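# Descriptive analysis of the structure
Letter by letter, the chains look like this.
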Amino acid sequence: MQFRAIIGQEELKKHLLESVQLGRVSHAQLFLGPEGSGSLALAVAYAQYISCENRSSHDSCGECGSCRKYEKLIHPDLHFSYPFFAKHKEDTAQLFISEWREAFLGNPYLGLDAWRNSLDAENKQANINIAECHQIIQKLSLKPFEAEYKVLIMWLPEYLDKAGNTLLKLMEEPPQKTLFILVAEQQEYILTTILSRTQLVKVPALSDTEVERHLLSLSVSPERAKQLAFLSEGNVQVALNLVNEVESDNFALFTDWLRMTFGDKGPIILDFVEQISKSGRENQKAFLRYGIHFLRECMVYLSGAKELIRLPENEYFVAVNFSEKVLSLAKAEAIIAELEKAHYHLSRNANPKILFLDVSLQFVKILRFNTLPEGIQYIGI
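Residue positions are counted from 1 within each chain, in the order its sequence is given. The predicted nature of this model means local features are confined to residues of pLDDT at least 70 and side-chain atom pairs, given and counted, to a pLDDT of 80 or more, with totals for whole chains, interfaces and linings taken over all residues. In computing side-chain values, all of the structure's heavy atoms are included and hydrogens and water are not.

Only runs of H or I of at least four residues qualify as helices and only runs of E of at least two qualify as strands under DSSP, and these elements are numbered from the N terminus. Scanning the chain for helices and strands turns up 17 helices and 5 strands. C-alpha atoms define the radius of gyration in this analysis, and the globule rule sets the expected value at 2.2 Å times the number of residues to the power 0.38. Relative to a compact globule of 381 residues, whose C-alpha radius of gyration would be 21 Å, the chain shows 23 Å and is just as compact. Along the three orthogonal principal directions, the C-alpha set of the chain runs to about 65 × 50 × 35 Å. With 381 residues in all, the chain has 51% of them scored as buried. Contacts are assigned to residue pairs with any non-hydrogen atoms lying within 4.5 Å of each other. Intrachain contacts of the chain at a sequence separation of at least 6 include 76% that bridge at least 24 residues. Any residue under 20% of the maximum accessible area for its type is buried, any over 50% is exposed, and the rest in between are partly exposed; the area is computed with a 1.4 Å probe on protein chains only.

Written out as structure tokens, the structure reads:
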């Protein structure tokens, strides 16, 4: 991938180009940016530029043997690591390399949900396991085959568990001309031992204008492109989902959950807990993340800034109605806190049935009986 194919990020592109031209290529870098910002695409373009046989001052040539292989993600000195859904403890990312190439080449702005939808993930939880770490060590112990640098791009190192510590020695004392590029979205979930050994490269979210221009290039009408760019919050993956009208059941399921807990409908709540507990951890975490997003938009409305709400029309009207009749800023804050705790515990293998029942009961206390956690001051409905 060439830099010119990436949406926006002009200042960052300039910085990356200059670092190569001045010979200031750090052996371990962390590209940190929100989903859909192009951080993964930038990492690939950066690696391609470093390996290009005839690079210019502004981009890789796109025509040499190295570039042609990079464009297909088949260069022998380019390696990828990413979260996957292992069926056996010895499984590694290499088992899914064909699916990975297809997913990235089809959409360089993909998020974890899009990636798992391209796999037979079933109810498994994504991670980067110890077997993958051992294979990384084995791959990078070899000398480069063709290019000057051997490159490992690890997407979402947040999914490295403690097994990631096996990579520390390799990152501290890498073989000559070896480059680690970690591409992350949430810095707080990266092992501190890994984080401390990398040079941080911050990738900002794209502006509404940049996303709008991209949608216009896909023949989306100007009016719709502007609307979808605003709703996407700089996330190209979300914008593409909206263009293709890819919808999940999270909106209907989450608002139903709010209604049943506000009404203190015990039997219906138990049915909901049974249903959601069978959906798989990644689906459950995506559901909780949606709920946090929805309630934050409700807080924007309650704060008197309704023109800043980023929700599709049908979700917007439900958010406004619920905010006016049921919510307060304090209640929304309290529910978000419960959702964030639930997401944390799910990531650490909490029992989903017990967890969602507990969160439901907390919702009832907050919405029905105005019982707010300590430290959150009640503000009237």
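Stacked, edge-to-face and tilted are the three classes for Phe, Tyr and Trp ring pairs, Trp counted by its six-membered ring, which pair at centre distances within 6.5 Å; planes under 30 degrees apart are stacked, over 60 edge-to-face, the rest tilted. Taken as a whole, this structure holds 23 aromatic pairs when the rule is applied. Ring centres 6.0 Å apart and planes at 80° place the aromatic pair Phe254 and Trp257 in the edge-to-face group. Of this pair, Phe254 and Trp257 both sit in helix H12 (residues 250–262), 3 residues apart, roughly one helical turn. For Phe254, a relative accessible area of 1% gives the class buried. Overall, Trp257 belongs to the buried group, its relative accessible area being 0%. Of the aromatic side chains, those joined through ring pairs into one cluster are Phe251, Phe254, Trp257, Phe272, Phe287, Tyr290, Phe294, Phe356 and Phe363. We count a charge as sitting over a ring when the NZ of a lysine or the CZ of an arginine lies within 6 Å of the ring centre and within 35 degrees of the ring normal. In this arrangement the basic side chain of Arg55 is found over the ring face of Tyr49, its NZ or CZ atom lying 5.5 Å from the centre.

Right, let's talk about the side chain of Ser360 for a bit. Within the element layout of this structure, Ser360 appears in helix H17 (residues 352–367). Beyond its immediate chain neighbours, meaning those up to four positions away, Ser360 contacts Trp257, Thr261, Ile269, Phe272 and Val273.

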